[in-house]
Amino acid sequence: MPALGCSLRGRIKTGQKQIRLPIHTGGFHLRSFSSEPHPVRMAFKYKRGGLNHMPEWYESRPTGEPRGGPLIGFLKRDMALLGIDYDTTLEFPENVGLYKEHFEKALKPEVLRCGNRTQVLDQTANLVAECLKREMMKGYRPEDQFKDEPFSTISTLMTKHGITYNARHLIPKVDEATQSIFDQANAVGAFAKRMFPTGIEIDTPPGDFAGAIRRTQATLPLRRPIFEATFAANGGYARADILNPVGRDEWDIIEVKSTTRTKDVHIPDLAFQLWVFTAAGLKIRRCVLCHVNNQFVRQGEVDPQELFKRHDVTAEVMGILDSIGEQVRTMEKIIGLAECPKIPIGKQCDSPVTCPLRENCWAFLPPQNVLDLYHDTKGRGLDLLNRGVLRLADIPGDYPLSEKQAIQRAVAISGKPHVKRIQIERFLSELNYPLHFLDFESFQTAIPIFDGTRPYEQIPFQFSLHLVRKVGGEPEHRKFLAEGRDDPRPDFLRRLKSAVEPVGSILVFNATFEKGRLKECAEAFPQYEPWVEKVINRMVDLIIPFKGFQFYHPDQCGSASLKYVLPALTGKDYKGLEIQEGGRASREFLRVTFADVTESERARVRQALDLYCGQDTEGMVWILDALKQIHHRPAGNPPLHSEAAGPCSVLRLLRRPQPSP
Ligand code: SF4
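Since we're looking at a predicted model, the values are computed, not measured.

Asker: Looking at this model, I keep getting lost on the overall build of the protein. Mind explaining?
Answerer: Helix and strand content of the protein: 23 helices and 19 strands. Sorting the 661 residues of the protein into buried and exposed places 50% on the buried side. Contacts in the protein between residues at least 24 apart in sequence constitute 66% of all its contacts with a sequence separation of at least 6. On the protein, roughly 31900 Å² of surface is accessible, and the fraction owed to carbon and sulfur atoms is 52%.

In structure tokens:
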């Protein structure tokens, strides 16, 4: 893939003066796409003016006109707008070869002189920015000229490694879970605006960046709160959730977050806004973070003044303001690179949020790799990766590992599960029949739906209970799924109380969740308190043997969660189910309960919810059976054929000699 760096010689007119300077215009990139009818895609990016415009790709696809025509059109127009002249020589480095003729045809008689773009980038960008600033002082508004084209935004600037610009095709579509987080955040943002009833929304269509700036400018003199106030300056583009006028000519920036506390990652967000807004000429008095108050309890209509808490974070924002310019320049450079920089995977992939490209960048890791190390708070996985060790089995014997991590290594080497029979036996011996296998599903909303509930309070709406009365007994299934739009908790508690037998162990997987929900319910409905206390005392956490590594199978990939343990131990999974995890169950329940859907859709989803929650508890029955089989079979003995009830990992592992406990 040959790439040409190009620089353009020209002049910027500033007032009476003309400054001659080399203007960096970006690079041409020739790429071969075997899937396209023509072998060439020509893309062009350049830093238009260096002030308000970020690099953007333009493609000249084979549409009949000479490729490069639209490209040179953009270039000429922009340069003309900026008062930049250009001369008329085109030079190519030798390696362009095949494409030289094409370029010449497309670009002649325009004036481009190929050079090393990285050498001129910094100095020319700064010079152009300076010149443009002066032009803007005189009323020139570049955004008016480029209204059909995207400006940079904080989100794209913040995109890791410039991939939004340089490898956009790699970014997967927003998945349903992420979209629901966005939707929740949008709902919170919209609600927060109710705190400012005289506010004016800058509600330009998505993508109309220049329009948003124009509308904001037109609204500023009204001195009213502005929602989504938009400015571009200093090479940055930023929108404020709320810009609130104070005094005669000052403003407060108010950033609304759907979290229940301020977080460190919120501060750079505000600092960037302050940096852009100040450069755009605004006087900012304070920077304020507004987040959801988790102590708020709904009673009747929700008062937005009570639902939100505000924190003045001006001091924190000022503390990092000086670094913003440097960060933006760094991002611009990264965005301007011809290709994505080669950055090794690391902590940044999951912090502060999981990168959407994680799956792509991590794809080179083999199964059972060092990043599966359990509870790796010391960063051993990354350390090993840096040393060139990818597989758990290749970790050197003298490398320091925790006890559980050492088990993972041993299991990866032997290919056999790790079993501590004595501990498993102890665990099993403490169970009392009838055995209950219990699981809850719940939902939570930032803005509470029911009286007496708090923001993000988990509201249980479903349970599944499998009951095994005696050894070898067939499981009986009892279940509940809330109907209607009322608070489901009273029915949930009533039905659960009648479903649970007065005696017997109650097995749950990761008991913290079920115990927490029951305690919250008992607080809200104190008549259930004594019963809830007894139920909690009878609970046994089925995660214990797995969290404690009394049993560890290589397929668990360092996880003790039900979604890993079930297939590793029993060979069964959730793949055939429409709903495969709790987050989706919550979203689907909320959708078919509170949104307008047809009766048949509601019935279909409720059936899927039944199947999902039922599988969680039936899966626990299978897991306990598998643990019993492991426990009963003497170490080293071949498995009994009667165990071969179907294709599953537990049978696979039972066919192998068992390690000593
Ligand atoms: S997954 Fe990690 S390495 Fe890949 S782009 Fe994201 S942050 Fe960078």
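After presenting the structure, the write-up continues.
Asker: How do you make sense of the sheet that holds strand β15 (residues 459-468) when you look at a structure like this?
Answerer: Each strand in a sheet pairs with another by means of backbone hydrogen bonds, the pair being arranged parallel or else antiparallel. Ordered by their spatial adjacency, five strands build an open sheet running β16-β15-β14-β17-β18, and the pairing between neighbours is mixed. Because the sheet does not close on itself, it has two edges, and the strands there are β16 (476-481) and β18 (539-541). Pairwise comparison of adjacent strand axes, ignoring direction, gives a mean angle of 25 degrees for this sheet. On top of the sheet, helix α16 (residues 489-499) reaches β14 (435-443), β15 and β16; it is set at about 10 degrees to β15, its chief contact.

Asker: Is there a simple way to explain the packing of α16 against helix α17 (residues 511-524) in this structure?
Answerer: Relative orientation and spacing of two packed helices are given, respectively, by the angle between their axes and the distance between those axes. It is at 11 Å that the axes of α16 and α17 come closest, and there the two elements cross at 115 degrees. Judged by the angle between their axes, α16 and α17 are roughly perpendicular. The interaxial crossing formed by α16 with α17 has left-handed handedness. Together, Arg489, Leu493 and Leu496 of α16 and Leu518, Cys521 and Ala524 of α17 make up the contact between the two elements. Residue classes in the contact of α16 with α17 are distributed as five nonpolar, no polar and one charged.

Asker: Quick question: what am I supposed to make of the pattern of salt bridges here?
Answerer: Where charged atoms from two side chains of opposite charge approach closely, those side chains can pair. Within the structure shown, the criterion is met by 35 salt bridges. In this structure, Glu201 and Lys193 form a salt bridge, with 3.1 Å as the shortest nitrogen-oxygen distance. Overall, the relative accessible area of 29% leaves Glu201 in the partly exposed class. Assessed through its relative accessible area of 16%, Lys193 is described here as buried. Among the ionic pairs, Lys479 bridges to Asp610, the shortest N-O distance being 3.3 Å.

Asker: For this particular structure, what's the right way to read α17?
Answerer: Counting along an α-helix, one turn takes 3.6 residues, and residues three or four places apart therefore face a common direction. The terminal C-alpha atoms of α17 lie 20 Å apart, and with 14 residues this matches the ideal 20 Å at 1.5 Å per residue to within 8%. Every buried residue of α17 is listed here: Ala511, Glu514, Gly516, Arg517, Leu518, Cys521 and Ala522. The secondary structure elements touched by the buried residues of α17 are β14, β15, α16, β17 (506-508), α18 (529-537) and β18.

Asker: Sorry if this is basic, but what is going on with the sheet that holds strand β10 (residues 250-257) here?
Answerer: Reading across the sheet, the six strands line up as β7-β8-β9-β10-β11-β12 and stay open at both edges, with mixed pairing between neighbours. In this open sheet, the two edge strands, each paired with only one partner strand, are β7 (200-201) and β12 (308-312). Alignment of strand β11 (residues 283-292) against β12, held across five bridges, turns out to be antiparallel. Looking across to β12, one finds that Leu289 is bridged to His311. Of the strands in this sheet, β8 (226-233), β9 (236-246), β10 and β11 touch helix α9 (residues 266-279), which is tilted by about 85 degrees from β9.

Asker: How should I be thinking about the packing of aromatic side chains in this particular structure?
Answerer: Any aromatic ring pair is given by two values, namely how distant the centres are and how the planes are angled relative to each other. Across all of its chains, the model carries 19 aromatic pairs by this definition. Judged by centre distance (6.5 Å) and plane angle (75 degrees), the ring pair of Phe443 and Phe594 falls under edge-to-face. Highlighted residues: Phe443 in strand β14 and Phe594 in helix α21 (residues 582-594), separated in sequence by 151 residues. Ring plane angle 5 degrees and centroid distance 4.7 Å describe the contact between Phe549 and Tyr552, whose orientation is recorded as stacked. Each member of the pair, Phe549 as well as Tyr552, is classed as buried.

Asker: Would you mind going over unusual backbone geometry with me for this structure?
Answerer: Across the chain, the bulk of peptide bonds are trans and the bulk of non-glycine residues have phi less than zero. A cis amide bond links Ser351 to the next residue, Pro352, at an omega of 5 degrees. Structurally, the position occupied by Pro352 is in the loop between α11 (314-336) and α12 (358-361). For the peptide bond that leads from Tyr433 to Pro434, omega is -5 degrees, which places it in the cis range. Mapping Pro434 onto the fold places it in the loop between α15 (421-429) and β14. Even without a glycine there, the phi angle at Glu228 is positive, about 65 degrees. Following the sequence through the fold, Glu228 ends up in strand β8. You can call Glu228 partly exposed: its relative accessible area is 21%. For Cys557, which is not glycine, the phi torsion reads 50 degrees and is therefore positive. Secondary-structure assignment places Cys557 in the loop between β19 (551-552) and α20 (562-570).

Asker: Sorry if this is basic, but what is going on with the pairing of β9 here?
Answerer: Regular strands have side chains that alternate between both faces of the sheet. With respect to burial, β9 is a largely interior element, ten of its eleven residues being buried. Note that β8 and β9 share seven bridges and pair antiparallel. By the bridge assignment, Ala233 is partnered in β9 with Gly236. Between β8 and the antiparallel strand that follows it, β9, lie two residues; Asn234 among them carries a positive phi value of about 60 degrees. As judged from the five bridges shared by β9 and β10, these two strands associate in the antiparallel manner. Residue pairing for β10: Ile242 is matched across the bridge by Ile254. As consecutive antiparallel partners, β9 and β10 are separated by three residues, and within that stretch Gly247 has a phi angle of approximately 60 degrees, a positive value.

Asker: Explain the packing of α17 against α18 here, please?
Answerer: Relative orientation of the contacting elements α17 and α18 amounts to 170 degrees, with a least axis distance of 9 Å. Looking at the two axes, α17 sits roughly antiparallel to α18. Seen along the crossing, α17 lies across α18 with a hand that is left-handed. For the pair formed by α17 and α18, the contact residues are Lys515, Leu518, Lys519 and Ala522 on the first element and Glu529, Val532, Val535 and Ile536 on the second.

Rules and cut-offs
- Residues numbered from 1 in each chain as written.
- Predicted model: local features only at pLDDT ≥ 70, side-chain atom pairs only at ≥ 80, totals over all residues.
- Heavy atoms only, no water.
- Helix = DSSP H or I, 4+ residues; strand = E, 2+ residues; numbered from the N terminus.
- Buried < 20%, exposed > 50% of the residue type's maximum accessible area, 1.4 Å probe, protein only.
- Contact = heavy atoms within 4.5 Å.
- Areas by Shrake-Rupley, 256 points an atom, 1.4 Å probe, with all protein chains shown as cover.
- Pairing = 2+ DSSP bridges.
- Axes fitted to C-alpha atoms, helices over the stretch in contact; angles between N-to-C directions.
- Parallel < 35°, antiparallel > 145°, perpendicular 65-115°, else oblique.
- Left-handed = near helix turned anticlockwise from the far one by under 90°.
- Nonpolar A, V, L, I, M, F, W, Y, C, P; charged D, E, K, R; others polar.
- Salt bridge = Lys/Arg side-chain N within 4 Å of Asp/Glu carboxyl O.
- Expected span 1.5 Å × (residues − 1).
- Phe/Tyr/Trp six-rings, centres within 6.5 Å; stacked < 30°, edge-to-face > 60°.

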